Amino acid sequence: MVRISGFADEISKDLDEQIATLQQEGIKFMELRGVWGKNVLELTDEEVAKVAEILKAGGIGVSAIGSPIGKYGITDDFSVQMQQLERIIEIAKALNTKYIRGFSFYMPQDEDPSLYRDEVMNRMRAMVDLVHENGLRYLHENERGIYGDTGDRCADLLDAVGEKLGCIFDPANFVQAGENVPEHCFPLLRSKVEYVHVKDARSGDNVNVPAGQGDGALELVLRGLIVEDGFDGFLSLEPHLAIAGHSGGFSGPELFKQAADALKGILDELGVEYA
């Protein structure tokens, strides 16, 4: 049985409203990226403890920490990233989740990413090793503009770093990077997918749309992963239906509900059980 989660900061900045909407949708998990207008990395120990207390009372678990780790320039000071990752690891442990969402560094504009491949791999290995040593798992998301924004470079990254690195599959991000999801990205990465971001987009104008209404081939992806391959992990809603920004997106309660309904509709058609 797959489990539905979501970036609840797309609902509201307020944690109580986030939880209320998730409860109304029967969603029992959130991917924590932000709350009270603060990125998860900025939360104090006291705020993390408060989040944990409120989530427990609301019956909501944390599927992953939606961290910004690796969403920095490849030429930026790497020591800062490692310090921030240490903090994210503390937060993940406090919120009882094993997954940390991260990225593989922005490439300098108009430069060939292959020029930075060795540095990317060195940094990724260091981060992944640190996460692994703490009993957690680094999941790489394909974000437009980073090293791993194409199917080929995601595969390169996963192969080079090895099994300690997990794969988040984000169809919309591939679409917006000019990639063909059904014919290239999904067949290439299918066996490595560990976590799915449910986000769709149209290739013509790169606008985000509910699952199944764009060119992300969500029905094909979910059929392949769940029905055919037995995937039983998290499907995390990240719809970006109102705002799609550099550091996050926003949908609001009503549009988030539309996104949840679209996902549930696909799963129902596929005969897939979900919680």
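Before reading further, recall that the structure is shown in the block above.
The numbering scheme is per chain: residues are counted from 1 as the chain's sequence reads. Residue-level local features of this predicted model are given only where pLDDT is at least 70; pairs of side-chain atoms are given and counted only at 80 or more, and the full residue set underlies all totals for whole chains, interfaces and linings. Side-chain numbers here rest on the full set of heavy atoms in the structure, without hydrogens or water.

(A) Just the packing of aromatic side chains, in detail. Between the rings of Phe, Tyr and Trp (Trp by its six-membered ring), a pair exists once the centres lie within 6.5 Å; its type follows the angle of the planes, with under 30 degrees stacked, over 60 edge-to-face, and the other angles tilted. Inspection of the entire model under this criterion finds six aromatic pairs. A ring pair is formed by Phe-169 and Phe-174, whose centres lie 5.3 Å apart and whose planes are at 55 degrees; its orientation type is tilted. As far as the burial class goes, Phe-169 and Phe-174 line up, both buried. Buried, partly exposed and exposed residues are distinguished by accessible area as a fraction of the type maximum, computed with a 1.4 Å probe on protein chains only: under 20%, between the cut-offs, and over 50%, respectively. Judged by its relative accessible area of 0%, Phe-169 is buried. Three or more aromatic residues joined by ring pairs form one cluster here, namely Phe-29, Tyr-99, Tyr-195 and Phe-234. The ring of Phe-29 carries the charged tip of Arg-3 above its face, separated from the ring centre by 5.9 Å. Criterion for a charge above a ring: Arg CZ or Lys NZ at most 6 Å from the ring centre, at most 35 degrees from the ring normal. Sitting over the face of the ring of Tyr-147, Arg-153 holds its NZ or CZ atom 5.7 Å from the ring centroid.

(B) Region of interest: the side chain of Asp-170. Following the sequence through the fold, Asp-170 ends up in the loop between strand E8 (165-169) and helix H6 (171-176). N or O atoms within 3.5 Å of each other form a polar contact, as long as, within protein, one can give a hydrogen and the other can take it, and as long as residues adjacent in sequence are counted only when both atoms are side-chain atoms. A distance of 3.2 Å separates a polar side-chain atom of Asp-170 from the backbone nitrogen of Ala-172. With sequence-adjacent residues up to four places away left out, Asp-170 is seen in contact with Glu-141, Asn-142, His-197, Lys-199 and Glu-238. The helix and strand labels rest on DSSP assignments: H or I over at least four residues marks a helix, E over at least two residues marks a strand, and numbering proceeds from the N terminus. Every residue pair with non-hydrogen atoms within 4.5 Å of one another is taken to be in contact.

(C) Focus on the sheet that holds strand E1 (residues 3-6). Two strands qualify as a pair provided DSSP detects at least 2 bridges between them. Spatially, E1-E12-E9-E8-E7-E6-E5-E2 is the arrangement adopted by the eight strands of the open sheet, whose pairing is parallel. Of all the strands in the sheet, the pair left with one neighbour each is E1 and strand E2 (29-32). In this sheet, neighbouring strand axes are inclined to one another by 30 degrees on average, regardless of whether the strands run parallel or antiparallel. Angles shown run from 0 to 180 degrees and are taken between the N-to-C directions of axes, each axis being a line fitted to C-alpha atoms and, for helices, limited to the stretch in contact. Contacts from helix H4 (residues 117-133) reach strand E6 (99-102), strand E7 (137-141) and E8 within the one sheet, and its direction differs from that of E7 by about 140 degrees.

(D) Examining the packing of H4 against helix H5 (residues 151-161) more closely. Contact geometry for H4 and H5: axes closest at 10 Å, N-to-C directions at 55 degrees. Between H4 and H5, the crossing angle belongs to the class labelled oblique. The handedness of the crossing between H4 and H5 comes out as right-handed. Of H5, the residues touching H4 (which contributes Arg-117, Val-120, Met-121, Met-124, Arg-125 and Val-128) are Asp-156, Leu-157, Ala-160 and Val-161. The residue inventory of the contact of H4 with H5, partitioned by class, reads seven nonpolar, no polar and three charged. Roughly parallel means an angle under 35 degrees; roughly antiparallel means over 145; roughly perpendicular covers 65 to 115; every other angle is labelled oblique. Throughout, a crossing is termed right-handed when the near helix is turned clockwise from the far one, and left-handed when it is turned anticlockwise from it by less than a right angle. Nonpolar residues are Ala, Val, Leu, Ile, Met, Phe, Trp, Tyr, Cys and Pro. Charged residues are Asp, Glu, Lys and Arg, and all others, Gly as well, are polar.

(E) Representation of helix H9 (residues 252-270) within the structure. Over its 19 residues, H9 extends 27 Å from the first C-alpha to the last, a length consistent with the 27 Å expected when each residue adds 1.5 Å. Where H9 is buried, its residues touch E1, helix H1 (15-24), strand E9 (193-198), helix H8 (218-228), strand E12 (234-237) and strand E14 (249-250). Count one or two residues on from H9 and you reach Gly-271, which has phi positive near 70 degrees. Multiplying one less than the number of residues by 1.5 Å gives the expected span of a helix.

(F) Seen up close, the pairing of E2. On E2, burial covers both faces: Phe-29 and Glu-31 on one face and Met-30 and Leu-32 on the other are all buried. The sheet contact formed by E2 and strand E5 (residues 61-66) spans four bridges and is parallel. Residue pairing across strands places Leu-32 opposite Ile-65, the latter belonging to E5.

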